[in-house]
Amino acid sequence: MEDYCGNENDYRIESDSIGEKEVPANAYYGVQTLRAVENFKITGLRINEEFIRSLAEIKKASAVTNGKIGLLTEKVKNAIVKACDEIIEGKLHEEFITDPIQGGAGTSMNMNANEVIANRAIEILGGIKGDYSIVHPNDHVNMGQSTNDVIPTAGKLTALKLLPRAIKQMERLKAVLEMKAEEFNSVIKMGRTQMQDAVPIRLGQEFKAYSAVVGRDITRLNRVMDSLRVVNMGATAIGTGINAHKDYESQIVPNLVKATNHLLNQAEDLVDGTQNIDVFAEVSSALKICAVTLSKIANDLRLMSSGPRTGFGEINLPGKQNGSSIMPGKVNPVIPEVVNQIAFNIIGNDTTISMAVEAGQLELNAFEPVIFYKLFESIETLTKGVDTFVSNCISGITANKERCSSLVENSIGVVTALCPHIGYKESAKIAKKAMKTDKPVKELVLKYGILNEEEIEEVFDTMAMTEPGISNKVLTVK
């Protein structure tokens, strides 16, 4: 981020409250942006592209509003709007050069937008970049605004743009899990609790449960989108609306709705809307719960596919790449592994976001930059992670039906089905005997004359064990 644009010897002089500074002559950003770049060399990254568009949409809506109430001339208003439209279309994004993690509650990001828009508007009006007598970054582009209403609103707009992509992938995941649940409905396997044999279950039932929990995640993500629709535009510095025209305060959100095509509402209490940003903790929490869900599913898939000869070996995951640089033929569960890692990252991001939301003081939270950096990362990695989970793993899973059946037949867990007929204590004796002798439970039940062959087939019907209810009759123990 050392060379920004233009000939390194071609500069214009700009000044701010700190003093004068050379700015590359053909740069659209200005002195305040350059100071931020010097002060905040943190991640080496740039702010999210959708966040840039959101800033431009806010500046456009503000210019339209200030034009309507007569505070901007038609000429200046139109130039600002045109500059904003270009940024919304994807132009000039390379001019947004501030680091996403920065001090100042996002003032540097806001001023980066104000300077780029002002200089492009100046150019549109036939002026030379840096001639702020034509269009001024603060007095014109930032009119009626503050970093403290612009930045949180831009964060909400960006999340509203990113979340539907994540939800779409989650809906894909749910649909594919439901397909697999149907495909595996007849596959009987051993259920396990605390990593020990429990009772039989259908593989399809497990996948159906995965689809159900993913469905709840989708519901949560949709719900938090409604919370994000409440914005504090018109609040300016601390929620009192200082320096904003009374008509600006009433018109800005309707004009922002037109600029963004998002249903938005102005906060009922603008002081509250500026002081408190708990909505971002809410969104992050929903993402964290989703990450926990996905990681648990990934864990299960790694366990069920383990081996393939010496582990559970109940399912096969699609082989995607060599698993070892030393062990020939080894194939690892790399897709579930990356989903786990994405989940760990999202959970860590949630901790950062929680701390940053809590750290606000009095009338403002100064830590929105790191909140947005982590929040957008969580949404985007979740989106991409679920995409690869579905495409490169879930869709291609197959069942080892015979292996599943063999494990059930040789399991001690089926002894549970005896309890209604011979009681817990006697059933436990059979279980212990089976473990000691390494004999199947059914063989011992027949050997000791507890049940005859016909009764054994009825009691140990593994498909029946996967549904509620027991045999219509309680068998008499011989």
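Residues numbered from 1 in each chain as written. Predicted model: local features only at pLDDT ≥ 70, side-chain atom pairs only at ≥ 80, totals over all residues. Heavy atoms only, no water.

**As for the overall build of the protein chain**
Then step 1. Looking only at helices and strands, the protein chain features 18 helices and 8 strands.
Then step 2. Whereas a compact globule of 478 residues would reach a radius of gyration of roughly 23 Å, the protein chain reaches 31 Å, over 25% beyond that.
Then step 3. Taken across its 478 residues, the protein chain has 50% of its residues classed as buried.
Then step 4. When contacts within the protein chain are restricted to residue pairs at least 6 apart in sequence, long-range pairs at least 24 apart make up 72% of them.
Then step 5. Considering the protein chain, the positive charge centre built from 52 side chains and the negative charge centre built from 61 side chains are found 8 Å apart. (Helix = DSSP H or I, 4+ residues; strand = E, 2+ residues; numbered from the N terminus. Rg over C-alpha atoms; globule rule 2.2 N^0.38 Å. Buried < 20%, exposed > 50% of the residue type's maximum accessible area, 1.4 Å probe, protein only. Contact = heavy atoms within 4.5 Å. Lys, Arg positive; Asp, Glu negative; His and termini not counted. Charge placed at Lys NZ, Arg CZ, Asp CG, Glu CD.)

**Quick notes on the pairing of strand E3 (residues 188-193)**
Then step 1. Across 5 bridges, the pairing between E3 and strand E4 (residues 196-202) is antiparallel. Pairing of Met190 across the sheet is with Pro200, part of E4.
Then step 2. Between the end of E3 and the start of E4, which pair antiparallel, lie 2 residues, with Gln194 showing a positive phi angle near 55 degrees. (Pairing = 2+ DSSP bridges.)

**A closer look at the packing of aromatic side chains**
What characterises a pair of aromatic rings is the spacing of the ring centres plus the angle enclosed by the ring planes.
Then step 1. Summed over the entire model, instances satisfying the criterion amount to 6 aromatic pairs.
Then step 2. Relative to Phe372, the ring of Phe51 lies with its centre 5.8 Å away and its plane at 40 degrees, an arrangement referred to as tilted. Of this pair, Phe51 sits in helix H2 (residues 49-68) while Phe372 sits in helix H12 (residues 368-392), placing them 321 residues apart in sequence. We note that Phe51, like Phe372, is buried.
Then step 3. Centroid distance Phe280 to Phe372: 5.0 Å. Interplanar angle 80 degrees. Geometry classified as edge-to-face. Of this pair, Phe280 sits in helix H10 (residues 278-304) while Phe372 sits in helix H12, and the two are 92 residues apart along the sequence. (Phe/Tyr/Trp six-rings, centres within 6.5 Å; stacked < 30°, edge-to-face > 60°.)

**Considering the pairing of strand E2 (residues 20-24)**
Then step 1. Relative to E2, strand E1 (residues 11-15) runs antiparallel, the two sharing 5 bridges. Residue pairing across strands places Tyr11 opposite Pro24, the latter belonging to E2.
Then step 2. In this structure, the hairpin formed by E1 and E2 is closed by a connection of 4 residues, where Gly19 is found at a positive phi of approximately 145 degrees.

**Brief notes about unusual backbone geometry**
Then step 1. Along the chain, Gly307 connects to Pro308 via a cis peptide bond; the corresponding omega equals 0 degrees.
Then step 2. Along the chain, Pro308 turns up in the loop between H10 and strand E7 (315-316).
Then step 3. The backbone of Thr236 sits at a positive phi, close to 50 degrees, despite the residue not being glycine.
Then step 4. For Thr236, the location among the structural elements is in the loop between strand E5 (230-231) and helix H8 (246-260).
Then step 5. Residue classification places Thr236 among the buried residues on the basis of a relative accessible area of 2%.
Then step 6. Here the phi dihedral of Asn261 falls at roughly 60 degrees; this positive angle occurs in a residue that is not glycine.
Then step 7. Along the chain, Asn261 falls in the loop between H8 and strand E6 (265-266).

**A few points about the side chain of Asn349**
Then step 1. You can see Asn349 is positioned in helix H11 (residues 334-358).
Then step 2. Those residues in contact with Asn349 that sit more than four places away from it in its chain are Lys374, Glu377 and Ser378.

**Here we look at the state of the cysteines**
Then step 1. All told, the structure shown has 0 disulfides when counted by the stated rule.
Then step 2. Cysteine Cys393 remains unbridged, with the sulfur of Cys404 as its closest cysteine sulfur at 16 Å. (Disulfide = S-S within 2.5 Å.)

**Things to note about a negative patch on the surface**
Then step 1. Judged by side-chain charge, Glu268, Asp269, Asp272, Asp278 and Glu282 come together as a negatively charged surface patch.
Then step 2. With respect to the helices and strands, the residue Glu268 is situated in the loop between E6 and helix H9 (270-275). (Patch = residues over 30% accessible without salt bridge, like charges linked within 9 Å, V, L, I, M, F, W, Y side chains within 5 Å. Areas by Shrake-Rupley, 256 points an atom, 1.4 Å probe, with all protein chains shown as cover. Salt bridge = Lys/Arg side-chain N within 4 Å of Asp/Glu carboxyl O.)

**As for the nonpolar core**
Then step 1. Core analysis: the biggest nonpolar cluster contains 112 residues, and Ile80, Leu173, Phe207, Leu301 and Phe389 have the highest contact counts within it.
Then step 2. If one sorts the elements of this core by residue count, helix H6 (residues 147-183) sits on top with 15 residues.
Then step 3. Apart from residues lying up to four places away in sequence, Leu301 is in contact with Phe207, Ile315, Leu317, Phe389, Cys393, Ile394 and Ile397. (Core = buried A, V, L, I, M, F, W, Y, C linked by side-chain atoms within 4.5 Å.)

**Notes on the pattern of salt bridges**
Then step 1. In total, this model carries 28 salt bridges according to the counting rule given.
Then step 2. Residue Lys161 pairs with Glu57 through a salt bridge whose shortest N-O separation is 2.8 Å. In this pair, Lys161 is assigned in helix H6 and Glu57 in helix H2, connecting sequence segments 104 residues apart. When sorted by exposure, Lys161 lands in the same class as Glu57, which is buried.
Then step 3. Between Glu377 and Lys374 there is a salt bridge, with the nearest N and O atoms lying 3.9 Å from each other. With Glu377 and Lys374 both in helix H12 and 3 residues apart, this pair spans about one turn of that helix.
Then step 4. Residue Glu377 is classed as partly exposed on the basis of its relative accessible area of 24%.
Then step 5. For Lys374, a relative accessible area of 18% translates into the label buried.
Then step 6. Each member of the salt-bridge network shares a partner with another, and the members are Lys82, Glu86, Arg120, Glu123 and Lys129.

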